[in-house]
Every structure is written in C-alpha cells, then in structure tokens.
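Examining the three-dimensional arrangement
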Amino acid sequence: MPWTATVLLEDPAFAHEPQPALGRSAPDPFAVLRDMLERGSPRDLPGDQLGPIRRYFERTDGRGLWAFAFFVCGLTKLTPTLHFEMCAFLSRWGQPGWRRLMMMVPRGTFKTSLGSKALPLWLATRDPEVTVGIFNAAQDQAKGWISSIRQILEGSTLYHMLWPERLPPGVHFREREAGRSVPRSWKWGDAGIHLQRRSLADSEFTFAPFGIGGSSTGRHFSHRIMDDLIGETSVGSPAMIEDAISFVDHARALERPAHGGCELVNCTPWAYRDVYSH
C-alpha cells in the first residue's frame, strides 16, 4: 500500500486551488552536519556553528524536520525516497490551508516515530507556545510516546546545545553534572511535559497523552495528533469503531481556539468502514 497524504479541506473554494508540489527525494542535506557531528561530541561544537545548525533544523521545507528527526531524535533509518516526502508534507502543518491533515501509511514505516514524536517536538522547539494533545485508542500507548519525547529531551546533547532555553531546570546536561534535577513542581513525566515558554500563565502541557475513552474535558491544544484511533485488535468491534467516530466528531472543541486549531490524523487503515473513512 503506498502512503497517502491528504489536506482535509474545509473551504470548498480551496479545493480548486493548486497545491504546492512536494519533493520526491531529498538532496544530501547532511554533509556539513554529519561532518561536524562525527568529529566529536555535540557539546564540543563551537559557538559560531550553533546558530547556522539551529536555523537549518528549523527550516520548514522538509529539510529541517528531516534533519531534526535524524540527528536529534535518532531516526537514522529514514529513507530519502519515502520519509523526506513525509517530512515535506508534515512541515506544512499549520500553514494557511494546511491546518487539517491526514497521513495514511502502512505499518513499519516510522509513521508514529516521525508524526507523533519527532514532529510535535520539532513544532514546540520552533514555537514554545505550541501545545500538542496526542490521542490514541489507548492512553497507555500515547503515554509511551510522551515518554519517548521526554527521553529525547533528556538524552540529546545536541538538543541541549542548540535549544537550552526550551529545557526545564535540571534537564540540561551541565545542570545534571552540577547535581541539579527537575523541580518536583515542574510538569515532567509520561502524563505530560511542560517546556519553557514565554507565557507563564499558560498551565497547559506542551505535550499531553490521551486515550479516546479518557477524560480530556477542559483541555485545549493548538495542535492535535490522532494516531491510530482504531487498531488491529479493535477493528472487529463495531462499538469501538463507533466510539472512535464519536470522539472525532466532538474533538475539535478541544482545540485552541475551539474549532480553530490544527489537526493531524496519523494512521494506518484497518477496515473499509473505520473512522478514517468517516
């Protein structure tokens, strides 16, 4: 099954507008970066190189997300022919006409690693005011993805060098080496992660996990990722499919602003009549 990328159109007039073409393959964007990073530890990078590398990772043409996923998140098995095109598509999320997207790919193609781990971290790194709700059929699964993001933030020396202002107290390797740890009052766990942001009054998690049967009332996110709301074990249950459809029908009230946020459906189809054909 080939992968499918869809812009979920809300304005009928937009359906007649030409869509920007996506690149079919990536040039080698890593020559300079790989050379820098293979010479030694990222903590040894000179200060005059940090700015250009950071700006490269924050590019929105697909190359930035690709490099971020490869070097920061450790997704070294990404392929230029498939995953660069996915990165180019996902990098447009939130741009005018690209607020509601669906990416449908087979199992084993790093769909979740790229779309539900690397992508939300890349978005919040570029804009610290972003808040991302990550939804799955089971909350424990979504918690596992939050745990992966937290492990990247704690373990990536390259991230610490490039974006130290995003990290909570006690996470940067230099602070840990000095014996400091994350304050107990800071939201930092598998139930949710709070990065540093400009607005101190915003108590919403930067990343928060939910199952479709759990309570998310009162939560509001600038971005929502719905990853596999129907899984292999639930595809044979009409009741579970109806629960997922009902959740999708009401989920836009969780956006900030209500019905005005960004939505990504990151999925593998399991049946003709599942939530993704709704």
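The rules behind the values
- Residues numbered from 1 in each chain as written.
- Predicted model: local features only at pLDDT ≥ 70, side-chain atom pairs only at ≥ 80, totals over all residues.
- Heavy atoms only, no water.
- Helix = DSSP H or I, 4+ residues; strand = E, 2+ residues; numbered from the N terminus.
- Buried < 20%, exposed > 50% of the residue type's maximum accessible area, 1.4 Å probe, protein only.
- Contact = heavy atoms within 4.5 Å.
- Areas by Shrake-Rupley, 256 points an atom, 1.4 Å probe, with all protein chains shown as cover.
- Axes fitted to C-alpha atoms, helices over the stretch in contact; angles between N-to-C directions.
- Parallel < 35°, antiparallel > 145°, perpendicular 65-115°, else oblique.
- Left-handed = near helix turned anticlockwise from the far one by under 90°.
- Nonpolar A, V, L, I, M, F, W, Y, C, P; charged D, E, K, R; others polar.
- Salt bridge = Lys/Arg side-chain N within 4 Å of Asp/Glu carboxyl O.
- Pairing = 2+ DSSP bridges.

**Quick look at the overall build of the protein**
Counting its regular elements, the protein contains 9 helices and 8 strands. Per-residue burial for the protein yields a buried fraction of 50% across its 278 residues. Sequence-distant contacts, at least 24 apart, represent 70% of the contacts inside the protein between residues at least 6 apart. Summed over its atoms, the accessible surface of the protein is roughly 12900 Å², and 52% of this surface lies on carbon and sulfur atoms.

**Quick look at the packing of helix α3 (residues 63–72) against helix α5 (residues 111–126)**
Where α3 meets α5, the axes come as close as 10 Å, and the angle between the chain directions of the two elements is 110°. Looking at the two axes, α3 sits roughly perpendicular to α5. Note that α3 runs across α5; the crossing there is right-handed. Residues G64, L65, F68 and A69 of α3 form the contact with α5, whose participating residues are L114, A118, L119, L121, W122 and T125. A per-class count over the contact of α3 with α5 returns 8 nonpolar, 2 polar and no charged.

**Observations concerning the pattern of salt bridges**
Counted according to the given criterion, the structure contains 13 salt bridges. In this structure, E154 engages R150 in a salt bridge whose closest nitrogen and oxygen atoms are separated by 3.4 Å. Here E154 and its partner R150 are both found in helix α6 (residues 139–155), 4 residues apart, which amounts to about one turn of the helix. Here E154 falls in the partly exposed class, since its relative accessible area comes to 27%. Between R224 and E263 there is a salt bridge whose closest N-O contact spans 2.7 Å. Taken together, the residues span a long stretch of sequence, with R224 in strand β7 (residues 223–227) and E263 in strand β8 (residues 262–267) at a distance of 39 residues.

**A look at unusual backbone geometry**
Positive phi values are uncommon outside glycine, yet F110 reaches one of about 65°. As for its placement among the helices and strands, F110 is situated in the loop between β2 (100–104) and α5. Judged by its relative accessible area of 30%, F110 falls in the partly exposed class. Of note in the backbone geometry, D228 takes a positive phi value of approximately 50° without being a glycine. Inspection of the secondary structure puts D228 in the loop between β7 and α9 (238–250). Given a relative accessible area of 19%, D228 falls into the buried group.

**Topic: the pairing of β2**
In terms of burial, β2 is a largely internal element, 5 of the 5 residues being buried. The side-chain alternation of β2 yields two buried faces, one formed by R100, M102 and M104 and the other by L101 and M103. The pairing of β2 with β8 spans 5 bridges and is classified as parallel. If you follow M102 over to β8, its bridge partner there is V265.

**A look at the environment of A208**
Its location among the elements puts A208 in strand β6 (residues 207–211). The exposure class of A208 is buried, given its relative accessible area of 1%. Linking A208 and R224, residues 16 residues apart in sequence, is a C-alpha distance of 9.8 Å. Contact partners of A208, with chain neighbours within four places excluded, come to V132, G133, I134, I146, G192, R219 and F221.

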